[in-house]
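# Structural description and commentary
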Amino acid sequence: MRIGELADAVGVTTRTVRHYHHQGLLPEPERLANGYRTYTLRHVVVLARIRRLTELGLGLAEVRDVLADEAGKDLAEVLEELDADLARQEAAIRERRTRLRALLGTEGGLPPEGPVSAELAELFAGMGDVSGSPMAVRDREMLALLESTVAPQDREGLLAAVRGALGSPEAMARAHRAYALLDELADAAVDDPRVAEAARVLADCLPAELLPEEDVVPDSGHGFMSALYADFAPGQAEAIRQAMEIASRGRRT
């Protein structure tokens, strides 16, 4: 039979047949005097087996092991490994779907910073519409960043700290006050007289758990914190630096 007849008999394409030849899975057939390949019933049997194995989820390398005369693993062992791998994939998919359902069911809908955890999304929803405050938008982006980069064992501590900073009407009012004062410093210099008030209000909002271990000045070149300061106007950066200093002193006393 010709290659098209072989492919039709098994339900694959001629391109697939040629690919299996190239991969060494399907033996090359003999050629007639006119150069055409001629396939036998044995080719049909092998091709059908390859199709069944790939439909089970085996990769071509695994199929090659199964088909080899001196296979390192027999079919039962390969299928047991495949079954275990599929079980792991099923567990991972269930866990991902659980997280997606939690996100989709978040009160207030998904935040623009998402995906974030359902807990953080609920806290964001409690902040209301912050699109008019560039500082609030940045703060939410920073919290989403921290949640995505913190070690799994530290995640609950981070969320507890954020709940303390934003989880009550009083805390939320303080945060919005700090955002407003910082927004007013968008074009301010370091020595602007409004910096001190913004720093005091912001210091009352900063969770001790989120403060750096040591003081970092804006131009220190100290990795992440230096990049953080560089993202703000001079007056805003100075207010944030002073707020961290005030909050850090309170933590040490």
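A brief look at the structure comes next. (Residues numbered from 1 in each chain as written. Predicted model: local features only at pLDDT ≥ 70, side-chain atom pairs only at ≥ 80, totals over all residues. Heavy atoms only, no water.)

Right, let's talk about helix 2 (residues 14–22) for a bit. Buried within helix 2 we find Val17, Tyr20 and His21. Down the axis of helix 2, the sector holding all buried residues measures 105°, keeping them to one side. Across from the buried face of helix 2, at angles greater than 90 degrees, the exposed residues are Arg15 and His22. Elements that come into contact with the buried residues of helix 2 comprise helix 1 (3–10), strand 2 (37–38), helix 3 (41–55) and helix 4 (60–67). Following helix 2 by one or two positions, glycine 24 adopts a phi angle in the positive range, close to 80°. (Buried < 20%, exposed > 50% of the residue type's maximum accessible area, 1.4 Å probe, protein only. Helix = DSSP H or I, 4+ residues; strand = E, 2+ residues; numbered from the N terminus. Arc of directions from axis to C-beta. Contact = heavy atoms within 4.5 Å.)

So, about a negative patch on the surface. A surface patch of like charges, here negative, comprises Glu77, Glu80, Asp83 and Glu90. Mapped onto the elements, glutamate 90 comes out in helix 5 (residues 75–104). (Patch = residues over 30% accessible without salt bridge, like charges linked within 9 Å, V, L, I, M, F, W, Y side chains within 5 Å. Areas by Shrake-Rupley, 256 points an atom, 1.4 Å probe, with all protein chains shown as cover. Salt bridge = Lys/Arg side-chain N within 4 Å of Asp/Glu carboxyl O. Lys, Arg positive; Asp, Glu negative; His and termini not counted. Charge placed at Lys NZ, Arg CZ, Asp CG, Glu CD.)

So, about the environment of arginine 194. As for its placement among the helices and strands, arginine 194 is situated in helix 10 (residues 194–203). Since its relative accessible area comes to 38%, arginine 194 is described here as partly exposed. Residues arginine 194 and glycine 235, spaced 41 residues apart in sequence, show a C-alpha to C-alpha distance of 8.6 Å. Ignoring any residue separated from it by four or fewer positions in sequence, one finds arginine 194 in contact with Glu184, Leu185 and Ala188.

Within this structure, the stated rule accounts for 10 salt bridges. Here arginine 37 and glutamate 28 are joined by a salt bridge, their closest N and O atoms 3.4 Å apart. For arginine 37, a relative accessible area of 21% translates into the label partly exposed. Here arginine 241 ties to glutamate 245 by a salt bridge, and the two come within 3.0 Å at their closest N and O atoms. Taken together, the residues arginine 241 and glutamate 245, both in helix 12 (residues 234–252) and 4 residues apart, mark about one turn of the helix.

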